[in-house]
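# Structural features, examined
In case you want the letters, here they are:
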Amino acid sequence: MVMATEKILVVGACGQIGVELTLQLRKMYGGSAVIASDLREEHPMLKGTGPYISMDIMNKETFHVLVLRYNITQVYLLAAILSATGEKNPHLAWTLNMGSLLNVLEVAREEKLHKVYWPSSIAVFGPNSPKQDTPQHTIMEPTTVYGVSKLAGERWCEYFNHRFGVDVRSLRYPGLISYKSAPGGGTTDYAIEIYHEALATQKYECFLSEKTYLPMMYMPDAIRSTIELMEADASRISVRSSYNLGGMSFSPKEIGASIQKHIPSFELSYNPDFRQQIADSWPSSIDDGAAREDWGWKPAYDLDRMTEDMLKNLAAEVD
Ligand SMILES: NC(=O)c1ccc[n+]([C@@H]2O[C@H](COP(=O)([O-])OP(=O)(O)OC[C@H]3O[C@@H](n4cnc5c(N)ncnc54)[C@H](O)[C@@H]3O)[C@@H](O)[C@H]2O)c1
């Protein structure tokens with residue numbers, strides 16, 4: 001366990017990433033040093049592991065009071081509206097994704113918080129960005145409101161770092177695959193649903209076409225990358241907008257084939273919907289050289305290793 005005087009607040013702790021990140025931070029810092037908060041009711045997996053507070057991050061005053069009352073030194077901001085849900089309500093996506101970040105950055109500046117973490121996404125790239133091995137610095141031009149909000153957020157993070165010295169750190173997560181907590185409305189959610197359906201019904205109708213390659217990552221790698229970035233010495237963080245982060249890249253057809261190695265009767269069909277257009281505007285693979293060089297990033301999971309772990313853990317839940 002890290003012996004420190006850090007007091008951490010996780011905002012959006014009941015979401016797909018929040019639950020696992022909160023549990024990992026509590027393992028490292030101790031349960032009482034990590035306060036979980038969300039709009040929703042406390043997630044069952046968090047119950048009994050540490051303090052939980054119901055909070056709307058859009059209310060800056062409530063957030064500010066909470067930071068002072070609990071002597072918070074670090075904030076992990078995970079509250080957001082994701083890509084597919086964002087397209088259904090663009091104004092709300094912009095308001096929440098931008099408003100929450102500005103509230104956190106402003107309080108971090110005023111109260112001299114030690115560190116802030118805020119995730120960006122591969123959605124910052126657009127149809128004019130290079131598709132293969134998309135570089136850290138390149139043409140961006142996102143076409144979804146989610147991507148626009150993430151790109152603007154990255155600029156704000158860099159601005160608060162350069163202008164006010166706020167130690168804010170960020171990763172451009174690829175699509176994240178996990179079995180512990182449900183996904184929150186992203187374009188890559190198919191890669192989670194497919195495992196559930198493979199076990200339940202041995203068939204799945206995919207909302208993306210068979211050759212849609214997207215950058216993806218298994219949740220244990222995502223949690224480890226986040227902790228490694230946040231634990232790195234500040235002198236090693238040269239990118240203050242957001243780091244490209246690579247894990248693996250695969251198509252629906254390839255994940256289907258990986259599942260068939262364990263469930264030979266699994267059948268996959270395709271019926272692309274509005275999310276195909278979002279996926280088509282994103283990179284198919286990511287160059288994460290800057291993260292590897294600066295703070296030593298290295299993913300551990302490939303597609304087959306992830307499939308084996310997902311199926312094993314989901315099957316255990318069903319039993
Ligand atoms: N999951 C992915 O594949 C993925 C990929 C790239 C980036 N990200 C980013 O990572 C972050 C977390 O994503 P996630 O998948 O865990 O999302 P999620 O939707 O599963 O979780 C977000 C949580 O925020 C909470 N929330 C929403 N509005 C709030 C508010 N006003 N105040 C307090 N809490 C509020 C929600 O109740 C939810 O529990 C987001 O910034 C997202 O854009 C996720």
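Quick look at the structure, then. These numbers come from a predicted model, not from an experiment.

Quick notes on the rules
- Residues numbered from 1 in each chain as written.
- Predicted model: local features only at pLDDT ≥ 70, side-chain atom pairs only at ≥ 80, totals over all residues.
- Heavy atoms only, no water.
- Pairing = 2+ DSSP bridges.
- Helix = DSSP H or I, 4+ residues; strand = E, 2+ residues; numbered from the N terminus.
- Contact = heavy atoms within 4.5 Å.
- Axes fitted to C-alpha atoms, helices over the stretch in contact; angles between N-to-C directions.
- Core = buried A, V, L, I, M, F, W, Y, C linked by side-chain atoms within 4.5 Å.
- Buried < 20%, exposed > 50% of the residue type's maximum accessible area, 1.4 Å probe, protein only.
- Domains from an automatic or database assignment.
- Near = heavy atom within 4 Å.
- Polar contact = N/O pair within 3.5 Å; in protein donor to acceptor, adjacent residues only side chain to side chain.
- Areas by Shrake-Rupley, 256 points an atom, 1.4 Å probe, with all protein chains shown as cover.
- Nonpolar A, V, L, I, M, F, W, Y, C, P; charged D, E, K, R; others polar.
- Salt bridge = Lys/Arg side-chain N within 4 Å of Asp/Glu carboxyl O.

## Details of the sheet that holds strand 3 (residues 52-54)
One open sheet holds the six strands; their spatial order is 3-2-1-4-5-7, and the pairing between them is parallel. Edge positions in the sheet fall to strand 3 and strand 7 (168-169), since each has one partner strand and no second. Pairing between strand 2 (residues 34-38) and strand 3: three bridges, direction parallel. Paired with alanine 36 across the bridge in strand 3 is tyrosine 52. Across the sheet, helix 1 (residues 16-29) touches strand 1 (8-11), strand 2 and strand 4 (74-77), and the angle it forms with strand 2 is around 165°.

## Quick word on the nonpolar core
Residues Ile177, Tyr190, Tyr195, Phe250, Ile255 and Met306 are the most contacted members of the largest nonpolar core, which totals 37 residues. Of all the secondary-structure elements, those providing two or more residues to this core are helix 6 (190-200), strand 10 (203-206), strand 11 (214-218), strand 13 (248-250), helix 8 (252-260), helix 9 (275-280) and helix 11 (303-318). Considering every element that reaches this core, the biggest residue donor is helix 6, with six residues. Two domains each donate at least three residues to this core, and these are domain 1 (8-174 + 217-244) and domain 2 (176-216 + 248-285 + 300-318). In this view, phenylalanine 250 contacts Ile177, Tyr190, Ala191, Thr212, Tyr213, Leu214, Met216, Ile255, Leu303 and Met306; residues no more than four positions away in its chain are not counted. By size, the runner-up hydrophobic cluster in this structure holds 35 residues, among which are Val10, Val34, Leu171 and Leu245.

## Thoughts on the site of the ligand
Around the ligand, 26 residues are found, and the nearest of them are Gln16, Asp38, Asp56, Tyr146 and Lys150. The contact in question runs from an oxygen atom of the ligand to an N or O atom on the backbone of glutamine 16, over 2.8 Å. Here the ligand loses 93% of its free accessible area of 840 Å² to cover by the protein chains. Broken down by secondary-structure element, the contributors of at least two residues to the shell around the ligand are helix 1, strand 6 (120-121), helix 5 (145-164) and strand 9 (175-177). Its residues assigned to classes, the shell around the ligand shows 15 nonpolar, seven polar and four charged.

## Some points on the sheet that holds strand 9
Strand order across the open sheet formed by three strands is 9-11-13, with mixed pairing between neighbours. The open sheet is flanked by strand 9 and strand 13, the only strands paired with a single partner. For this sheet, the mean angle separating the axes of adjacent strands, direction not counted, is 45°. Two strands pair when backbone bridges link them, and strand 9 and strand 11 are joined in this way by three bridges, in the parallel orientation.

## What about the pattern of salt bridges?
A full pass over the atoms with the stated rule returns 13 salt bridges. In this structure, the salt-bridge partner of arginine 172 is glutamate 154, at a minimum N-O distance of 2.8 Å. On the criterion of sequence distance, the pair formed by arginine 172 in strand 8 (residues 171-173) and glutamate 154 in helix 5 is long-range, its members being 18 residues apart. Across this residue pair, the class does not change: arginine 172 and glutamate 154 are buried. Across the pair lysine 312 and aspartate 309 runs a salt bridge whose closest N-O atoms are separated by 3.8 Å. Taken as a pair, lysine 312 and aspartate 309 lie in helix 11 at a separation of three residues, close to a single helical turn. Under the relative-accessibility criterion, lysine 312 is labelled exposed at 56%. Of the residues examined, aspartate 309 reaches a relative accessible area of 18% and is grouped as buried. Each of the salt bridges in this network shares a partner with another, and the network as a whole consists of Lys60, Glu106 and Glu110.

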